[in-house]
Amino acid sequence: MPSACDSLIEDIEDMVSSTDPTPHERQSARKSIIPRSRKKKEPSNEELQADSLIPGTQKIWMKTWGCSHNNSDGEYMAGQLAASGYKMTDDPTEADLWVLNSCTVKNPAEDHFRNSIKKAQDQQKKVVVAGCVPQAQPRMDYLKGLSIIGVQQIDRVVEVVDEAVKGHSVRLLGQKKDGGRRLGGARLDLPKIRKNPLIEIISINTGCLNACTYCKTKHARGDLASYPIEELVERARQSFQEGVCEIWLTSEDTGAYGRDIGTDLPTLLWRLVEEIPEGAMLRLGMTNPPYILEHLEVRTVHGHQFHPELPSKIMVPGVTIATDIICGFPGETEEDFQETMDLVKLYQFPSLFINQFYPRPGTPAAKMEQVPAHMKKQRTKELSQLFHSYNPYDHKVGERQNVLVTEESFDAQYYVAHNKFYEQVLVPQRAEFKGKMIEVDIYEAGKHFLKGRPVEDSQPFTPSIAAPLQRGEVSGLVQEQKANGIHGPTSMPSSSLLFIGSYSLDREGLKKLGIGLALAAAILAFIIEKLY
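Keep in mind it's a predicted model, so treat the numbers as computed, not measured. (Residues numbered from 1 in each chain as written. Predicted model: local features only at pLDDT ≥ 70, side-chain atom pairs only at ≥ 80, totals over all residues. Heavy atoms only, no water.)

A. Just the overall build of the chain, in detail. Scanning the chain for helices and strands turns up 13 helices and 24 strands. When contacts within the chain are restricted to residue pairs at least 6 apart in sequence, those whose partners lie at least 24 apart make up 69%. Per element, the accessible surface of the chain, about 29600 Å² overall, is 54% carbon and sulfur. (Helix = DSSP H or I, 4+ residues; strand = E, 2+ residues; numbered from the N terminus. Contact = heavy atoms within 4.5 Å. Areas by Shrake-Rupley, 256 points an atom, 1.4 Å probe, with all protein chains shown as cover.)

B. Up close: a negative patch on the surface. On the surface, E335, D336, E339 and D342 cluster together into a negatively charged patch. Here D342 lies in helix α10 (residues 334-347). By relative accessible area, D342 is classed as partly exposed at 44%. (Patch = residues over 30% accessible without salt bridge, like charges linked within 9 Å, V, L, I, M, F, W, Y side chains within 5 Å. Salt bridge = Lys/Arg side-chain N within 4 Å of Asp/Glu carboxyl O. Lys, Arg positive; Asp, Glu negative; His and termini not counted. Charge placed at Lys NZ, Arg CZ, Asp CG, Glu CD. Buried < 20%, exposed > 50% of the residue type's maximum accessible area, 1.4 Å probe, protein only.)

C. View of the side chain of E246. Note that E246 resides in strand β12 (residues 246-250). No salt bridge is formed by the buried E246, whose closest oppositely charged neighbour, R283, lies at an N-O distance of 5.8 Å. Among the polar contacts made by the side chain of E246, one reaches the side chain of W248 at a distance of 2.7 Å. Discounting residues that sit within four places of it in the chain, E246 has contacts with L198, I199, E200, M281, L404, T406 and Y422. (Polar contact = N/O pair within 3.5 Å; in protein donor to acceptor, adjacent residues only side chain to side chain.)

D. View of the pattern of salt bridges. For the structure on display, the rule yields 26 salt bridges. One salt bridge in this structure joins K118 and D122, with 3.1 Å as the shortest N-O distance. Of this pair, K118 and D122 both sit in helix α3 (residues 107-122), four residues apart, which is roughly one turn of the helix. Per residue, the accessibility class of K118 equals that of D122, and both read exposed. Salt-bridge contacts for D155 lead to K176; the nearest nitrogen and oxygen are separated by 3.3 Å. Residue D155 is found in the loop between β5 (147-149) and α5 (157-165), and its partner K176 is found in the loop between β6 (171-172) and β7 (177-178); the two are separated by 21 residues along the sequence.

E. Representation of the sheet that holds strand β9 (residues 199-203) within the structure. The strand order across the open sheet formed by three strands is β9-β12-β13, and the pairing between neighbours is parallel. The open sheet has two edge strands, β9 and β13 (281-284), and neither has a second partner. Neighbour-to-neighbour, the strand axes of the sheet open up by a mean angle of 20°, direction not taken into account. Bridge count for β12 against β13 is four bridges, and the pairing is parallel. Within β13, the position partnered with L249 by the bridge is L284. Helix-sheet contacts for helix α2 (residues 68-83) involve β9 and β12, and the interaxial angle to β9 is about 105°. (Pairing = 2+ DSSP bridges. Axes fitted to C-alpha atoms, helices over the stretch in contact; angles between N-to-C directions.)

F. Molecular detail of α3. The terminal C-alpha atoms of α3, which comprises 16 residues, lie 23 Å apart, in line with the 22 Å expected from a rise of 1.5 Å per residue. Buried residues along α3 sit in contact with β3 (97-102), β4 (126-131) and α4 (132-136). Just beyond α3, the residue with positive phi is Q124, at close to 60°. (Expected span 1.5 Å × (residues − 1).)

G. Up close: the packing of aromatic side chains. Tallied over the entire structure, the rule returns seven aromatic pairs. Measuring from ring centre to ring centre gives 4.8 Å for W61 and W98, while their planes differ by 65°; the resulting arrangement is edge-to-face. With W61 in strand β1 (residues 59-64) and W98 in strand β3, the pair connects residues that are 37 residues apart, well separated along the chain. W98 matches W61 in its accessibility class, with the two residues each being buried. Taking 6.2 Å as the distance between ring centres and 85° as the angle between the ring planes, the aromatic pair formed by Y214 and F329 counts as edge-to-face. With Y214 in the loop between β10 (205-206) and α6 (217-221) and F329 in the loop between β16 (323-327) and α10, the pair connects residues that are 115 residues apart, well separated along the chain. Of the residues examined, Y214 reaches a relative accessible area of 35% and is grouped as partly exposed. In this structure an aromatic cluster arises from ring pairing among W65, F113 and Y142. Positioned above the aromatic ring of Y390, the side-chain terminus of K447 is 3.9 Å from the ring centre. Between R453 and the ring centre of Y443, over which it is positioned, the NZ or CZ distance is 4.3 Å. (Phe/Tyr/Trp six-rings, centres within 6.5 Å; stacked < 30°, edge-to-face > 60°. Lys NZ or Arg CZ within 6 Å of the ring centre and 35° of its normal.)

H. Main features of α10. With 14 residues, α10 extends 20 Å from end C-alpha to end C-alpha; this agrees with the ideal 20 Å at 1.5 Å per step. Among all positions in α10, only F337, T340, M341, V344 and Y347 are buried. Buried residues in α10, looked at end-on, bunch into an arc of 150°, giving them a common side. The exposed set on the far side of α10, more than 90 degrees from its buried face, consists of E335 and E339. At the C-terminal side of α10, Q348 shows a positive phi close to 45°. (Arc of directions from axis to C-beta.)

I. Geometry of the packing of α10 against helix α11 (residues 373-387). Two numbers describe how α10 lies on α11: the axes approach to 10 Å, and their chain directions differ by 15°. Comparing their axes, α11 and α10 come out roughly parallel. Viewed along their axes, α10 and α11 form a crossing whose handedness is right-handed. Between α10 and α11, the residues in contact are E334, F337, T340, M341, V344 and K345 and R379, E382, L383 and L386, respectively. (Parallel < 35°, antiparallel > 145°, perpendicular 65-115°, else oblique. Left-handed = near helix turned anticlockwise from the far one by under 90°.)

J. How the structure looks around the sheet that holds β1. Read across the sheet, six strands follow the order β2-β1-β3-β4-β5-β6 without closing on themselves; strand pairing throughout is parallel. Only two strands of the sheet have a single neighbouring strand rather than two, namely β2 (87-88) and β6. Note that β4 and β5 share three bridges and pair parallel. Looking at β5, one finds that V129 is bridged to I148. Here α2 sits on the sheet and contacts β1, β2, β3, β4 and β5; the angle it forms with β1, its principal contact strand, is near 175°. Relative to β4, α5 is tilted by about 155°, and along the sheet it contacts β1, β3, β4, β5 and β6.

Below, the structure written as structure tokens:
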């Protein structure tokens, strides 16, 4: 039987047998093949939005209502968003997403908050809510489907906004704890955008030890939780290194500070005094009588002058004490109201905040028998008229004072300065005065202000130990840069660099890269479709 390999094939073409089709026959057969045409897709009218779902490339508008504590929270959230690449804008119409930071103290504040949510939704804006309203009442109907940042979760605002940009709903309402002990809140060294680069607001604690029947804020902020003194001192030190010349200490009750961690307010103040540069100011606010009176002895002099005395027996003559009065609290009789009127007549408070009582849902006072609405309005009107009947600053005319210039007046006609009693002094709007301590002669007094004329031979003094940040610039990035071993400029704009480990990435470059990749993917898909 012959072997299959008996004949040697020297070329592959020798394998063609006589029974195989010839090249001519193969060509003829090919002509009968009808190619199947691929059905072309209808062109889409949808506009390609290459960066629409890339978090960190959108514009954010933030609105904050309420107290200085809430304003500090808003500054921290804005700083973190800017440091992450989002562009903060002052124009709500051009923003892609609104962050609404709410206040729950009174009904009108919540009404503004709720109306802003509806306005954003009507304009097809994405919405993230924060502050005391959603923390206290997250199940309100008008909050359904919205992302929420709790008052102790502001350090996670970027995560929440990232998810909201993608169309997801996220709610972070938990408390920060360490070994079972509730903390004061998020870290104090987070990036921040100060509304006023010359003023740093430091929340020294959150919550309080009271149980006021009218207060809704207690439902949101909870019981007292204080920051350690060293963390507060370090935050003040960092602020001064960034050009700040005035610090506000705030909380729901500064007088109760430290009672939960074995210290107190005077101890904190003495530590801060060691850090305050010459000429810089420290303002203490937001306190309640039960606890601040442990540190403050109040005497009456000449009918209306307060002279507090600290436990160290150091007198502070002429200190300004601002207060609030609620008109029409449940159970208030006509005799009660007349006693309030007599108190204001006697002391002629220079700064008085008069509020009509608003029953807040879920508070004990809301369940009490209410004073009729017309009576509350009438009493509020009478007390306001009494307050505006006297001028508390007339005796200041002719004085020579040192004042610190930090702001611009609402009418943009003056710079606003404050003396050591925190009385508002309007001075000429000269660029060389901003952020400076200047000497003025008081020549006019109004109900809420004094007017000062700069002393001719005096020179403005600069209390800041460094140049202040520009408006909109992010605080805290310099410290982060140093911690990561990156050496560069002493300050940077809010959207300039993102630090990852020891590498820096330009945010504009990141945005262009994302758009480029999306377009490249679309082009590649088109080519593949044509080829196959």
